[in-house]
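Below, each chain spelled out in residue letters.
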Amino acid sequence: MSPHPLRRAVYAGSFDPPTNGHLWMIREAQALFDELIVAIGSNPEKKATYTVAERRRMLEDITASFPNVRIDSFENRFLVDYAHSVKAGYIVRGIRSASDYEYERTIRYINSDLQPEVSTVLLIPPREFAEVSSTLVKGLVGPEGWRDIIRRYVPDAVYEKILKDHKNIG
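Residues numbered from 1 in each chain as written. Predicted model: local features only at pLDDT ≥ 70, side-chain atom pairs only at ≥ 80, totals over all residues. Heavy atoms only, no water.

**Digging into the UniProt feature "binding site: substrate" (unreviewed entry) in the protein**
- Residues annotated in UniProt with the feature "binding site: substrate" (unreviewed entry) correspond here to Ser14, Lys46, Leu79 and Arg93. Of the annotated set, the members that line the largest pocket are Ser14, Lys46, Leu79 and Arg93.
- Tracing the chain through its elements places Ser14 in the loop between β1 (8–13) and α1 (20–32).
- Among the residues examined, Arg93 registers a relative accessible area of 22% and is labelled partly exposed. (UniProt positions renumbered as here; feature names shortened; annotations may be inferred. 1 Å grid on protein atoms, 1.4 Å probe; cavity = no way out; pocket = protein on both sides within 12 Å on 5 of 7 lines; lining within 4 Å. Helix = DSSP H or I, 4+ residues; strand = E, 2+ residues; numbered from the N terminus. Buried < 20%, exposed > 50% of the residue type's maximum accessible area, 1.4 Å probe, protein only.)

Here is the structure:
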């Protein structure tokens, strides 16, 4: 038996679709923890482009080289409650801007009220990923030359999926 308990973390998002920024976060977080659960959260306020099954498959493809990463999903519950339910002691969140920090700081305090044993770890991605979001990527699809533009923002498996789904565009 290990003298140290398993350090399990959850990194959650909509991942609609996963971006290179998400992959950076996963790469960094899996190096910090014994196990990283990448959890697809369903946000009823957001209209998803890809189904949970499609997002799960893309995440499985881009994380296949990380043996300590597993993909899961949850809906209609607070992230901190989900983390507690899978016995994760940590939630990993990315900070891209000052407004992200303010939001995450507030949520961290609320999470602490709900589940004090779950800590929040904040990671700051490199500049090249700071402005890239799933919404931005989806907004770039369509106009002439879009394939070359989004290529730099998403992992190969995600790029192939987007191309397949939009083969008749541009």
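Read on, since the account is not over.
**So, the layout of surface pockets**
- There is about 1500 Å³ of room inside the largest pocket.
- As for the largest pocket, its lining consists of 47 residues, of which Ala12, Gly13, Ser14, Lys46 and Arg93 are closest to the centre.
- Here the lining of the largest pocket gets 8 residues from one element, more than from any other, and that element is helix α4 (residues 98–114).
- When its residues are assigned to classes, the lining of the largest pocket shows 19 nonpolar, 15 polar and 13 charged. (Points joined across faces, edges and corners; volume = space filled by probe spheres on them. Nonpolar A, V, L, I, M, F, W, Y, C, P; charged D, E, K, R; others polar.)

**Quick notes on the packing of aromatic side chains**
- Here the structure, examined in full by the defined rule, presents 3 aromatic pairs.
- Between Tyr11 and Phe15, the aromatic rings sit 5.5 Å apart at their centres with planes inclined by 75 degrees, giving edge-to-face as the arrangement.
- For the pair Phe33 and Tyr90, a centre-to-centre distance of 5.0 Å together with 45 degrees between the ring planes defines the contact as tilted. Here Phe33, found in the loop between α1 and β2 (35–42), pairs with Tyr90, found in strand β4 (residues 90–94); they are 57 residues apart in sequence, far enough to count as distant.
- With relative accessibility at 8%, the residue Phe33 sits in the buried group.
- Residue Tyr90 is classed as partly exposed on the basis of its relative accessible area of 28%.
- One Lys or Arg, Arg151, reaches over the ring of Tyr159 and ends 4.4 Å from the middle of that ring. (Phe/Tyr/Trp six-rings, centres within 6.5 Å; stacked < 30°, edge-to-face > 60°. Lys NZ or Arg CZ within 6 Å of the ring centre and 35° of its normal.)

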